[in-house]
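Single-letter residue listing:
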Amino acid sequence: MLYWLTEFSDGGDFFNLFRYITFRAGMAFATALIFGFLFGRPLIDLLRRKQGKGQPIRDDGPQSHLAKVGTPTMGGLLILSAVVFSTLVWARLDNPYVWITLLVTLAFGLIGFADDYAKVTKQTTAGVSGRVRMLAGLVIAALASYAAASFHPTALTNQLAMPLFKDALINLSVFFIPFGMFVIVGAANAVNLTDGLDGLAIMPVMIAGATLGVIAYVVGNYNFSEYLGVHFVPGTGELLIFSAALFGGGLGFLWYNAPPAAVFMGDTGALALGGALGAIAVCTKHEIVLGIVGGLFVVEALSVIIQVLYFKRTGRRVFLMAPIHHHFEKKGWAEPQIVIRFWIISLILAMIGLATLKVR
């Protein structure tokens, strides 16, 4: 929104700063961070009053989690509010990729909110039907994938770009929309599965979001994209502002979500943030790179899939408990130990993802 202040610029004054994506990204980060600090405690107090007993805790989970009874959920509202506010203030609102990502984030956040609301009002770990959530997510992802494809350059429309090989494109044709649906819905649910320990999901989301933000900035700049050997997708640079807001809002939330958590993000935050990562990946043509930088989420989701399929087939379990972070809890690892080590893994994967931006 504030980008329009450039109309008052003569090219060498203060208003000219608003032309620069990097300046607006920095301000979006600061705005979201301050928003989180200002409204975090009032929101937590409100959620605590409204929810009473807080998020229900699974009886079959690790016994240490029973100490978390009474902790309010829906803390994702803090992240979403900070991200949306900051993005609307600092991003160019005539950019279609910004709106695609924002609307996907809000729509998945609404699905998560409905699920969280059902859980806290009924005091059960079973919220909205999984089929309903999946169907709603698929519809949202289909619309977002179609919209992204319609704004992509003609040479890249419905194409799958391969990391490291700029000239390697796979024409998915009509299957691009289902592929985009898989990326967005898969990312949303994978982040949701990861959100099982205090601070576990938010930092990897921030790391992956920041990495995708850098990629979006490079992909949206013709000179950088040529130099680094990636496809040029005009307009995606504005997504750096969304990513910066996500990082700032995430830090503001982490202040309250760090062990022991004063609030959980809930499905409201986890589904929304995962959907956002998927949307950025589809918009920037870096869907495969998302699988690298978000590798932790992939492993968490795969651990659940493997556990379920193997148990149905043999009646035995591969892991002591799934998702895999609970497996390590069962093995005796302390919660902060698991969280910090998973953060380190996420950072390593982000560095590998950035390495796909090779210098030719």
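Definitions and limits used
Residues numbered from 1 in each chain as written. Predicted model: local features only at pLDDT ≥ 70, side-chain atom pairs only at ≥ 80, totals over all residues. Heavy atoms only, no water. Pairing = 2+ DSSP bridges. Helix = DSSP H or I, 4+ residues; strand = E, 2+ residues; numbered from the N terminus. Phe/Tyr/Trp six-rings, centres within 6.5 Å; stacked < 30°, edge-to-face > 60°. Buried < 20%, exposed > 50% of the residue type's maximum accessible area, 1.4 Å probe, protein only. Patch = residues over 30% accessible without salt bridge, like charges linked within 9 Å, V, L, I, M, F, W, Y side chains within 5 Å. Areas by Shrake-Rupley, 256 points an atom, 1.4 Å probe, with all protein chains shown as cover. Salt bridge = Lys/Arg side-chain N within 4 Å of Asp/Glu carboxyl O. 1 Å grid on protein atoms, 1.4 Å probe; cavity = no way out; pocket = protein on both sides within 12 Å on 5 of 7 lines; lining within 4 Å. Points joined across faces, edges and corners; volume = space filled by probe spheres on them. Nonpolar A, V, L, I, M, F, W, Y, C, P; charged D, E, K, R; others polar. Expected span 1.5 Å × (residues − 1). Contact = heavy atoms within 4.5 Å.

Asker: Explain the pairing of strand β1 (residues 159–162) residue by residue, including any values.
Answerer: Note: β1 against strand β2 (residues 165–171), 4 bridges, orientation antiparallel. Residue L160 lies in a different strand from β2, and its bridge partner there is I170. The antiparallel pairing of β1 with β2 creates a hairpin that spans 2 residues between the two strands, and L164 there sits at a positive phi of about 75 degrees.

Asker: Give a detailed account of the packing of aromatic side chains, specifying residues and quantitative values.
Answerer: Throughout the structure, instances matching the rule amount to 12 aromatic pairs. With 6.0 Å between their ring centres and 5 degrees between their planes, F18 and W90 make a pair best called stacked. Linking F18 in the segment before α1 (21–51) with W90 in helix α2 (residues 76–90), this pair joins segments that are 72 residues apart in sequence. Its relative accessible area of 4% is what places F18 among the buried residues. Members of the aromatic cluster, each reached through a chain of ring pairs, are F18, F23 and W90.

Asker: Go over a nonpolar patch on the surface with me, naming the residues and quoting the values.
Answerer: On the surface, V298, L302, I305, I306, L309, Y310 and V318 cluster together into a nonpolar patch covering about 590 Å² of accessible area. Along the chain, the position of Y310 falls in helix α11 (residues 295–314). Given the relative accessible area of 32%, Y310 is considered partly exposed.

Asker: Describe empty space enclosed by the protein, listing the residues and the values that go with them.
Answerer: Under the definition given, this model contains 2 cavities of 30 Å³ or more. When its volume is computed, the largest cavity comes out at roughly 120 Å³. In this structure, the largest cavity is lined by 15 residues; those nearest its centre are M162, P163, L164, V230 and H286. Where the lining of the largest cavity is concerned, the elements lending two or more residues are β1, β2 and α10 (287–293). Top element by residues in the lining of the largest cavity is α10. It accounts for 3 residues. Tallied by class, the residues present in the lining of the largest cavity amount to 8 nonpolar, 4 polar and 3 charged.

Asker: Talk me through α11; I want residue IDs and the actual numbers.
Answerer: For α11, spanning 20 residues, the distance from its first C-alpha to its last is 28 Å, which sits close to the expected 28 Å at 1.5 Å a residue. Residues of α11 that are buried include every one of G295, L296, F297, E300, A301, S303 and Q307, and no others. Looking at the buried side of α11, the elements it contacts are α5 (176–194), α6 (202–219), α9 (266–284), α10, α12 (324–330) and α13 (335–354). Just beyond α11, the residue with positive phi is G315, at close to 80 degrees.

Asker: Explain the pattern of salt bridges to me, and be specific about the residues and the numbers.
Answerer: What the rule picks out here adds up to 6 salt bridges. For E238, the salt bridge is made with R24, and the minimal N-O distance between the two is 2.7 Å. On the criterion of sequence distance, the pair formed by E238 in the loop between α7 (222–228) and α8 (239–257) and R24 in helix α1 is long-range, its members being 214 residues apart. Residue E238 shares its accessibility class with R24, and that shared class is buried. Salt-bridge contacts for K119 lead to D115; the nearest nitrogen and oxygen are separated by 3.2 Å. With a gap of 4 residues between them, K119 and D115 both fall in helix α3 (residues 96–122), about one helical turn apart. Overall, the relative accessible area of 17% leaves K119 in the buried class. Each of D115, K119, R133 and D267 takes part in salt bridges that share partners, so that together they form one network.

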